[in-house]
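Okay, here's what each chain looks like letter by letter:
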Amino acid sequence: MILYTMMPPELIFPYETESPSKQQMVSYQGIPLLVELIDGQNVQVIRNLSTDPQHYLDNQICPGAKISFANL
């Protein structure tokens, strides 16, 4: 994609000023997951990164599910 513009790149592609994300990749029972830290004891599944179709049918690791740190 080519942009022909007189606008400075800072206005088109603004820098991220947010703090580092609370998301991280973890392995839960051998399944790679992208999770977000909710509090000191729990994480919430954001994305299932597995290539096995059976892992997408598991309700314990579906997006939105909460997992305790003790189980990781």
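Residues numbered from 1 in each chain as written. Predicted model: local features only at pLDDT ≥ 70, side-chain atom pairs only at ≥ 80, totals over all residues. Heavy atoms only, no water.

Engineer: Please explain the pairing of strand 2 (residues 31-37) as it appears in this structure.
Structural biologist: In regular strands, side chains alternate between the two faces of the sheet. Sheet analysis places strand 1 (residues 23-28) next to strand 2, joined by 6 bridges and oriented antiparallel. In the sheet register, Met25 faces strand 2, and the bridge partner there is Leu34. Here strand 2 pairs with strand 3 (residues 42-48) via 5 bridges, running antiparallel. Each bridged residue has a counterpart across the sheet, and for Leu33 the counterpart in strand 3 is Asn48. Where strand 2 hands over to strand 3, the hairpin turn is made up of 4 residues, counted between the paired strands. (Pairing = 2+ DSSP bridges. Helix = DSSP H or I, 4+ residues; strand = E, 2+ residues; numbered from the N terminus.)

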